[in-house]
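Spelled out, the chains give:
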Amino acid sequence: MDRERACEDRAVLDLRVCFVGESFVAGVGDQRCLGWAGRLAARATAAGQPLTYYNLGIRRENSTELRGRWEAECEPRLPAGADCRVVISTGVNDTQIENGRPRIDSGDSVRNLADILRRAREKGWQALVVAPPPNVDDEHNARLLVLDRRYADLCEEAGVPYLRAHQPLRENRIWMRDIAAGDGYHPGAAGYDEFAALLAPYWLLWLADPGSKLPVVR
């Protein structure tokens, strides 16, 4: 009975979630126009947790650009009195090579994410960070793995859940086949299905109790 009452109490809350980040958040390449963010929102509703979700992903955006705009876009969507959440995923565009060097230095990438997490905490918004996914370029993936470890360390220090999805997706044949069939980065619907399925158990736990320590994604 207590468990049922807790579920009912959560259901009546005005739960609002902003997803911020790059093209994978936006769902580029998905024939269903949902991406992993839309799929996670649908899973929450199907599990009895209604929510208002906002997809604020921008293609080719790096973490410096994200840092400059995310709060102003989230603020009107996360009003006082609501259960306000932010899901962040960035890093792939930071680690792309332009003019012989990464677009954003890894130290700046970490500082950008640290600032986003600090501001979310100051606003009273619960945050969740999703690792940048892999692509078909092994050298690029090596840079992403370095950033993935630094992001994981930062989130552990900040007490923010971090879902290390990069390596599981590299080992996922459907994801890798789907991105190879496209532009080498963005999957179609099948790949986003796999991404969302990987994240879904942790996502639902976080919605139920944002203060809980999530198990490691494997």
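In this text the structure is predicted, and so the values were computed from the model without any measurement.

Cut-offs used in this document
- Residues numbered from 1 in each chain as written.
- Predicted model: local features only at pLDDT ≥ 70, side-chain atom pairs only at ≥ 80, totals over all residues.
- Heavy atoms only, no water.
- Phe/Tyr/Trp six-rings, centres within 6.5 Å; stacked < 30°, edge-to-face > 60°.
- Helix = DSSP H or I, 4+ residues; strand = E, 2+ residues; numbered from the N terminus.
- Buried < 20%, exposed > 50% of the residue type's maximum accessible area, 1.4 Å probe, protein only.
- Lys NZ or Arg CZ within 6 Å of the ring centre and 35° of its normal.
- Salt bridge = Lys/Arg side-chain N within 4 Å of Asp/Glu carboxyl O.

Caption draft 1: Here's a closer look at the packing of aromatic side chains. In total, this model carries eight aromatic pairs according to the counting rule given. Ring plane angle 85° and centroid distance 5.6 Å describe the contact between Phe19 and Tyr53, whose orientation is recorded as edge-to-face. With Phe19 in strand β1 (residues 15–21) and Tyr53 in strand β2 (residues 52–57), this residue pair connects regions lying 34 residues apart in the sequence. Overall, Tyr53 belongs to the partly exposed group, its relative accessible area being 30%. Measuring from centroid to centroid gives 6.1 Å for Trp203 and Trp206, while their planes differ by 35°, and the two rings are tilted. Placement of the pair is Trp203 and Trp206 together in helix α9 (residues 189–208), with a separation of three residues, close to one helical turn. Connected via pairs of aromatic rings, a cluster forms that spans Phe19, Trp36, Tyr53, Trp175, Phe195, Trp203 and Trp206. Across from the ring centre of Trp206, 4.9 Å away, lies the NZ or CZ of Arg85, which sits over that ring.

Caption draft 2: Highlighting the pattern of salt bridges. Under the defined criterion, the tally for this structure stands at 19 salt bridges. Salt-bridge contacts for Arg69 lead to Glu73; the nearest nitrogen and oxygen are separated by 2.9 Å. Here Arg69 and its partner Glu73 are both found in helix α4 (residues 63–74), four residues apart, which amounts to about one turn of the helix. Taking the relative accessible area as the measure of exposure, Arg69 reaches 11% and is therefore buried. A salt bridge links Glu75 to Lys123, with the shortest nitrogen-to-oxygen separation between them at 2.4 Å. With Glu75 in the loop between α4 and β3 (83–89) and Lys123 in helix α5 (residues 106–123), the pair connects residues that are 48 residues apart, well separated along the chain. A relative accessible area of 29% means that Lys123 is categorised as partly exposed. A single salt-bridge network, built from bridges that share partners, covers Arg67, Glu71, Asp115, Arg118, Arg119 and Glu122.

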